[in-house]
Amino acid sequence: MKLELPRQDDTIALGRAIGEQVRAGDLVLLTGPLGAGKTVLVKGIAAALEVHGRVSSPTFVLARVHEPGPRGIGLVHIDAYRLGGDVDQLEDLGIDTASDDSVVVVEWGEFVADRFGPDYLLVRLERRPDDVRVAELEPHGAWVDRPLPG
Ligand SMILES: Nc1ncnc2c1ncn2[C@@H]1O[C@H](COP(=O)(O)OP(=O)(O)O)[C@@H](O)[C@H]1O
Ligand SMILES: [Mg+2]
């Protein structure tokens, strides 16, 4: 099922809908080319979670940790592009990728899909030639039973 996201706000809204469903310990992997809207989607997830700090591209820091807000779930926002799939690098930096009280969201998640467990939500984002973004949600494991948009 493909979801059309003509405007940035639509991508934010999809992120919010996903954010409403996430539980502590969850993993969300985002794929799609540069400019597809991965970071924008994370902004929506962060808005739903009401975590602290502003979401921005984590490209230069590998990962950003957002402390929990009123929902009690933090957000670990990772850019796996420069990691090249080497998740151990994050552990070396003291970033907990198996946190029980945070959701982990990974841009360029295809690089690390085989490094985490079987339960994750994969979101494929693409940018059509007419500039409309299209999202496809691919739930794995426990995510299959969650109500999701589309
Ligand atoms: N429908 C849309 N959804 C998401 N971003 C959009 C959309 N339309 C335009 N944009 C713009 O595209 C860019 C997406 O950037 P970003 O989320 O950083 O992409 P990525 O993280 O995938 O590289 C932003 O500048 C945003 O304003
Ligand atoms: Mg990004």
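It should be noted that the structure appears before, not after, this text.
One numbering rule holds for all chains: residues counted from 1, following each sequence as written. Key to labels: chains lettered from A, ligands numbered from 1, both in the order written. Restriction of local features to residues with pLDDT of at least 70 applies here, the model being predicted, together with a cutoff of 80 or more for giving and counting side-chain atom pairs; totals for whole chains, interfaces and linings are based on all residues. Calculation of side-chain values draws on the structure's entire complement of heavy atoms; hydrogens and water are dropped beforehand.

Q: Outline the site of ligand 1, supporting the account with residue identities and numerical values.
A: Looking at ligand 1, there are 15 residues lining it, with L5, Q8, T11, G35 and K38 nearest. At 2.7 Å, a side-chain N or O of K38 approaches an oxygen atom of ligand 1. The definition of a polar contact used here is a pair of N or O atoms within 3.5 Å, where within protein one atom must be able to donate a hydrogen and the other to accept one, and adjacent residues in sequence count solely through side-chain atom pairs. For ligand 1, an oxygen atom lies 2.9 Å from a polar atom in the side chain of T39. Note that accessible areas follow from Shrake-Rupley with a 1.4 Å probe, and for residues the cover is restricted to the protein chains shown. In the complex, 73% of the free accessible area of ligand 1, which totals 570 Å², lies under the protein chains. When residues in the shell around ligand 1 are grouped by element, the largest group, 3 residues, is from helix 2 (residues 38–49). In terms of residue class, the shell around ligand 1 is made up of 6 nonpolar, 5 polar and 4 charged. One heavy atom suffices: a residue is near a molecule or strand as soon as one of its heavy atoms comes within 4 Å of it. Helix and strand definitions here come from DSSP, where helices need a minimum of 4 consecutive H or I residues and strands a minimum of 2 consecutive E residues; each element is numbered from the N-terminal end. Under the grouping applied here, Gly and all other residues not named as nonpolar or charged are polar, the nonpolar ones being Ala, Val, Leu, Ile, Met, Phe, Trp, Tyr, Cys and Pro and the charged ones Asp, Glu, Lys and Arg.

Q: So what's going on with the pairing of strand 5 (residues 102–107)? Which residues, and what values?
A: Think of it in three bands: residues with accessible area under 20% of the maximum for their type are buried, residues over 50% are exposed, and the middle band is partly exposed, with areas taken using a 1.4 Å probe on protein chains only. Among the 6 residues of strand 5, 6 are classified as buried, and the element is accordingly described as predominantly covered. Here 4 bridges tie strand 2 (residues 27–31) to strand 5, and the two strands are oriented parallel to one another. Note that in strand 5 the partner of V28 across the bridge is V105. Summarising the sheet, strand 4 (residues 74–79) and strand 5 pair through 6 bridges and their orientation is parallel. When the bridges of strand 5 are listed, V76 appears paired with V104. Here, strands pair whenever DSSP counts at least two bridges between them.

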